[in-house]
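# Structure assessment
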Amino acid sequence: MKCRGLKMLGVTAVCAAFVPLAALACRPFVETDKLRFAVFAVFYTLLLAASAFYLRGKTVEKRELAVAAAAAVLTLFYTIPLMPIAVYAAVVTGAAFLVLCQQKKIGAPVRWLRRSRSENLWLFGGITVFYVCVCGFRYGFRFAFFPIDVLQCLAPAVSEEIVFRGVLTAALFRLFRLDDEFSANAWVFITLTIPFAFLHFPDAVLSGDALFARSFPIFFNTAVCYWLTRKHGLVYAVYAHALCDYLIFMTAHI
């Protein structure tokens, strides 16, 4: 038990140090405004290599390939106009989804979607009301509507939820044989949310500029998405993530 605890602490330390170390390694070669994409590229490369290694010899169903392809296509809108990093992210997202499907087959705690119409109505409706209120009270109840932003907000939601709340969360639960209890969920949440938050602003991680102020909203929204994924299904986390980003974008245009 003590050995496992030390290994878990080591994983947390590695995850927390990944973005600062990657940013330091990339900074001499890229401009500051492109540092985030460079760090993401490093992360995606590692994830793609791990996914390819894991999928060797595995049987992939046609419907899994179809959903993976759909997730990849949606991820292409990560950047408008299309940039190479979006194409790379799309490939990695598709591969990560296939890994997640394999993890589910061997017993990883993965949920997709509730089947009951009434449950879905309450869940999607509740998420909508919650984020409209949160964003409304924070930014004001004045929203603009820009259709192109729907795709640009959905793309990172699909990719990041599949990767962080999906495949990486399932991997940690399987790796350390964790039970679905509060302490285990708290550790997984903290371990993955630190690098997830840092990936959004690696320049601030290096400078320390308003690091807490930038991280807090991400930790809050990630807590909501994590709970939705674990309690109800990954689809609801994708919706909550995309809706939150979209509401923020709409208020920013006013």
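Heads up: the structure comes first, above all this text.
As a starting point, this report considers the structure included with it. Along each chain, residues carry numbers from 1 onward, in the same order as the chain's sequence is written. Totals for whole chains, interfaces and linings use all residues, but because this is a predicted model, local features are given only for residues with pLDDT of at least 70 and pairs of side-chain atoms are given and counted only at 80 or more. Side-chain measures here rest on the full set of heavy atoms in the structure, leaving out hydrogens and waters.

## Comments concerning the packing of helix α4 (residues 84-105) against helix α6 (residues 147-175)
One can describe the packing of α4 onto α6 by two numbers: an axis separation of 9 Å at closest approach and a directional angle of 35°. Note that α4 runs across α6; the crossing there is left-handed. Note on element contacts: α6 touches α4 through Ser159, Ile162, Val163, Gly166, Val167, Ala170 and Ala171, opposite Ala89, Thr93, Ala96, Phe97, Val99, Leu100 and Gln103. Note on residue categories: nonpolar means Ala, Val, Leu, Ile, Met, Phe, Trp, Tyr, Cys or Pro, charged means Asp, Glu, Lys or Arg, and polar means any other residue, Gly included. Of the residues belonging to the contact of α4 with α6, the class tally is ten nonpolar, four polar and no charged. For helices, the fitted line uses only the C-alpha atoms of the stretch in contact; every axis is such a line through C-alpha atoms, and the angle between N-to-C directions lies from 0 to 180 degrees. Strands here mean DSSP runs of E at least two residues long; helices mean DSSP runs of H or I at least four residues long; both are numbered from the N terminus. If you view the pair so one helix is near and one far, a crossing is left-handed when the near helix is turned anticlockwise from the far one by less than a right angle, and right-handed when it is turned clockwise. By definition in these notes, contact holds between two residues if any of their heavy atoms fall within 4.5 Å.

## Focus: the pattern of salt bridges
When a carboxyl oxygen of Asp or Glu lies within 4 Å of a side-chain nitrogen of Lys or Arg, that pair is called a salt bridge. For the coordinates displayed, the defined rule picks out five salt bridges. A salt bridge links Lys105 to Glu61, with the shortest nitrogen-to-oxygen separation between them at 3.8 Å. Note that Lys105 is positioned in helix α4 and Glu61 in the loop between α2 (35-55) and α3 (62-75), a separation of 44 residues in sequence. When accessible area is computed with a 1.4 Å probe and restricted to protein chains, residues below 20% of their type maximum are described as buried, those above 50% as exposed, and intermediate ones as partly exposed. Judged by relative accessible area, Lys105 falls into the partly exposed class, the value being 41%. Classification of Glu61 by relative accessible area gives partly exposed; the value is 32%. A salt bridge links Arg165 to Glu161; its shortest N-O distance comes to 2.8 Å.

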